[in-house]
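Here's the letter readout for the chains.
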Amino acid sequence: MPKAVLVDLRRCTGCRGCQVACHQWNERPAEETEFWGTYQNPPDNTANTWCLVRFRDTDKGFFFTTWRCMHCLEPACVSVCPTQALHKTEEGPVLYDETRCIGCQYCHAACPFDIPRFDWEEDRVIRKCTFCADRLAMGIEPACVKACPTDTLTLGERDEVVAKARAEAEKGAYVYGLEEAGGTSWIYLSSVPFDELGFPKVERVAYPSHSLAVLGSQLGTIVVGGAALGLYSLYLRRKDREGERR
Amino acid sequence: MRTSKGLFGGEFYLLLWIVGLLGGILLGVIGAFMLLTREETAPIPWGLLVPSYVFFALAATGSSLVNSIFSVFRIESFRPIIKRGIWLSLVLIVPAWIFIIIDLGRPFSMYNLYLLFHPTSRLGWMGWLYMAFALYLVMELVVVIREERMTERAGIVTGVLVLIATLAVHTNLGALFGAINAKPLWSSHFLASHFIVSAMMVGAVFHILAMIVTNLLKRGSVPGELTQLFSKYYAPMVIGLIILNWILVAGEYIPALFNPEEAPYAKLLLAGPYSVSFWLIEIVAGGIIPLVILFSRTTKNKVPWLLTASILVVLGVYFSKYDLLIGGQSIQSFAGGFISYFPGGGEILLLIGATAVCLLLYTLGELLLPLEPEEKPAWFVFVKRGASISN
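Just so you know, these numbers come straight off a predicted model, no measurement behind them.

Caption draft 1: Representation of the overall build of chain A within the structure. Counting its regular elements, chain A contains seven helices and ten strands. Relative to a compact globule of 246 residues, whose C-alpha radius of gyration would be 18 Å, chain A shows 23 Å and is clearly more extended. With the C-alpha coordinates of chain A rotated into their principal frame, the extents come out at 90 × 45 × 40 Å. Looking at the 246 residues of chain A, the share that counts as buried comes to 46%. For chain A, the share of sequence-separated contacts (at least 6 apart) that also reach a separation of at least 24 residues comes to 61%.

Caption draft 2: Spotlight on the pairing of strand β3 (residues 61-67) of chain A. Residues and elements named next belong to chain A. Pairing between strand β2 (residues 52-58) and β3: seven bridges, direction antiparallel. Within β3, the residue paired with Phe55 across the bridge is Phe64. The turn linking β2 back onto β3 is made up of two residues.

Caption draft 3: Representation of the domain arrangement of chain A in the model. Here chain A is partitioned into domain 1 (3-197) and domain 2 (208-246). Using only C-alpha atoms to locate each centre, domain 1 of chain A and domain 2 of chain A end up separated by 46 Å.

Caption draft 4: Quick look at the interface of chain B and chain A. Taken together, the 48 residues of chain B in the interface contact 50 residues of chain A. Taken together, the elements giving at least two residues each to the side of chain B that touches chain A come down to α2 (49-71), α4 (112-115), α5 (122-145), α6 (152-178) and α7 (191-219) of chain B. The element best represented in the side of chain B that touches chain A is α6 of chain B, accounting for seven residues. Split by residue class, the side of chain B that touches chain A holds 23 nonpolar, 18 polar and seven charged.

Caption draft 5: Expanded view of the packing of α2 of chain B against helix α11 (residues 303-327) of chain B. Residues and elements named next belong to chain B. Remark: α2 packs on α11, axes separated minimally by 9 Å, with the N-to-C direction vectors making an angle of 135°. Taken as axis vectors, α2 and α11 run oblique relative to one another. Helix-helix and strand crossings are classified by hand; for α2 and α11 the assignment is right-handed. The segment α2 lies against α11, with Val50, Pro51, Val54 and Phe55 engaging Val317, Tyr318, Lys321, Tyr322, Leu325 and Ile326. Here the residues of the contact of α2 with α11 are counted per class, giving nine nonpolar, no polar and one charged.

Caption draft 6: Structural context of unusual backbone geometry. Residue and element names in this part refer to chain A. Here the bond from Asn41 into Pro42 is cis, since omega is -5°, no more than 30 degrees from zero. For Pro42, the location among the structural elements is in the loop between α1 (17-25) and β2. We note that Gln105 has phi near 65°; this positive angle belongs to a residue other than glycine. Mapping Gln105 onto the fold places it in the loop between β5 (94-96) and α3 (106-110). We classify Gln105 as buried; it has 21 C-beta atoms within 10 Å.

Caption draft 7: Quick look at the pairing of strand β1 (residues 3-8) of chain A. Residue and element names in this part refer to chain A. For β1, a buried count of six out of six residues is recorded, marking the element as mostly surrounded by other parts of the structure. Across the two faces of β1 the burial is the same, with Lys3, Val5 and Val7 and Ala4, Leu6 and Asp8 all buried. Pairing between β1 and strand β8 (residues 153-157): five bridges, direction antiparallel. Within the sheet, the bridge partner assigned to Val5 lies in β8 and is Leu155.

Caption draft 8: Up close: the nonpolar core. Cys77 and Ala110 of chain A together with Met201 and Val238 of chain B are the most contacted members of the largest nonpolar core, which totals 181 residues. It is α7 of chain B that provides the largest number of residues to this core, a total of 15 residues. Each of two domains, domain 1 (3-197) and domain 2 (208-246) of chain A, supplies a minimum of three residues to this core. Not counting residues within four places of it along the chain, the set of residues in contact with Met201 of chain B comprises Gly62, Val238, Leu241, Ile242, Asn245, Val313 and Val317 of chain B.

Caption draft 9: Representation of the environment of Gly174 of chain B in the model. By the element assignment, Gly174 of chain B lies in helix α6. Residues Gly174 of chain B and Leu191 of chain B lie 17 residues apart in sequence; the distance between their C-alpha atoms is 5.2 Å.

Caption draft 10: Just the environment of Ala182 of chain B, in detail. Residue and element names in this part refer to chain B. You can see Ala182 is positioned in the loop between α6 and α7. What makes Ala182 buried here is the crowd of 24 C-beta atoms within 10 Å. The sequence separation of Ala182 and Ala210 amounts to 28 residues, and the corresponding C-alpha distance is 39 Å.

Criteria and thresholds
- Here the residue numbers are simple positions, counted from 1 along each chain's written sequence.
- For naming, the first written chain is A and the first written ligand is 1, with later ones following in the order written.
- Reporting of local features is limited, given that this is a predicted model, to residues whose pLDDT is at least 70; pairs of side-chain atoms are given and counted only at 80 or more, and all residues count toward the totals for whole chains, interfaces and linings.
- Here a strand is any run of E in DSSP of at least two residues, a helix any run of H or I of at least four, and the numbering for each starts at the N terminus.
- Restricting the calculation to C-alpha atoms gives the radius of gyration, and the globule rule supplies 2.2 Å times the number of residues raised to the power 0.38.
- Put simply, a residue is buried when 20 or more other C-beta atoms lie within 10 Å of its own C-beta and exposed when 12 or fewer do; between those, it is partly exposed, and each C-beta is set from the backbone.
- It is the C-beta atoms, placed from the backbone, that decide contacts: two residues are in contact if theirs lie within 7 Å.
- Two strands are said to pair when DSSP picks up at least two bridges between them.
- Throughout the structure description, domain borders are defined by an automatic or database domain assignment.
- The nonpolar class holds Ala, Val, Leu, Ile, Met, Phe, Trp, Tyr, Cys and Pro. Asp, Glu, Lys and Arg form the charged class, and all remaining residues, Gly among them, are polar.
- Structural elements are reduced to axes, namely lines fitted to C-alpha atoms, with helices fitted over the stretch in contact, and the angle between N-to-C directions of any two is expressed from 0 to 180 degrees.
- Put simply, angles under 35 degrees are roughly parallel, angles over 145 are roughly antiparallel, angles from 65 to 115 are roughly perpendicular, and the rest are oblique.
- Note: crossing handedness is left-handed where the near helix turns anticlockwise from the far helix by less than a right angle, and right-handed where it turns clockwise.
- Put simply, a nonpolar core is buried Ala, Val, Leu, Ile, Met, Phe, Trp, Tyr and Cys residues tied into one set by C-beta atoms within 7 Å.

Quick look at the structure:
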């Protein structure tokens, strides 16, 4: 059964326990950074900071958001990767095989959540959250979930997580991840609309279906382009003949 | 035999040109080294090298589309440009390859593109399509150069193969970006059509540039037959393509202004940090001025004006791809802030170096291959006798 995590942002205190636990479990080095006027550090997800606690100051108060790969049900990154370095597992995680990566960064460009990052400093491969697939395989929850002191993050079967999210939505909570990009494995709850928290506005269709639609227009363009060139050449031939007659 | 009056009639200037190009290539090698050993992360995944790759890929395939007017549809007026046109398509694709290979984070693993082919990835297809495109172009060049020993059918068959590969490369290139719905400005069914139009536009003006500059340097003048071909056939074609391009640009950006997801990107181009480049270079310099030059009876027959219009169209198309591809990545996914990007030194040096490689290959073609309409191959299948640029 595929797993999912419910992220209830109403409970988050911004302690960054998830961020630190992720670094520690995955043996990613700490970032050299500096204060840049916000509680959020480093400024963005990187090849080493797979899980980042983002800070947002709004009219309704300030909010923290733990942010990493959403592990889409139909991931754009998997679909666009030219070397099949990325794959979606039945349990939910989207994983990658470093030895296959050529560093094209198409996955980064195609990700609606702007997640995969290229590690230029160390191994020169794409890196991102793995949903702690190694821990899931041992029957234990991801490091960030384990470290969360307020139960902002809870792991469960995806069906159960979706049911909980829908129940909370009926009580007035805002939900993100049920339909975005065709559905994801990390589903967020919030007391304010997600666009006020700065969440990406993502289409409610999965990338592969969009890609297929474009493939249809691609084939149409080949036919129309070829035909247009042929018609233009016919016109030129006529023009040539008229010129010869004169 | 030295009958030429052009600058390259004397070997000194030709040698100077080649030394200059080798200097440019050296800069490119330095740039490539800087990029291959870089450790810093760029603010956007695809920087200067990607629009540069797209530009040269469009120029090569666009030139190939113009070639097909003779090679497939047998319009005799285009016969004088065919050999040089095919060679031009071949050399224009080389910088595109250089950019894309050096831009990879792990270029030495590139063989995985072929070994681990992924059919749902447009980038996966690109590797194979470019290979087919280049292979068919070489076949077409051999057939055209050895025309006397080949049947017309052989010419048409290779021409059709090249045309199919060209259209496939084009539409795949458009879909490579158009299928990414994470980037609202790129995500469009029309991007492939837009790419074909701008490709043919830049391919046509590269023909004008190459033919005129080559003749000026070799002979000191441009044959009347060529000037007539450009004013009678190329000028109306480029005018039509400029107008069609505007229609497609308007069709993409105007509705984008009313779409909440696309509006911030469209505003970057139309009224934001990329607006100077969009309005002044893409629309005015790359569109309106060439349109006036190529439309006017007094200017469209004059070589300096044809050159001016062609250079402006090249600039316009280059910046249109830069604006679209860099601007399209310039808004943060989370929280929507503007991402400022300026090309790095390594990227700029590689742009110079790869362009120099293209010019050097073109020059070598002029030296070694019988690209003039009346020239015939002498030895080694298609090489002309006596390596000299003058004739």
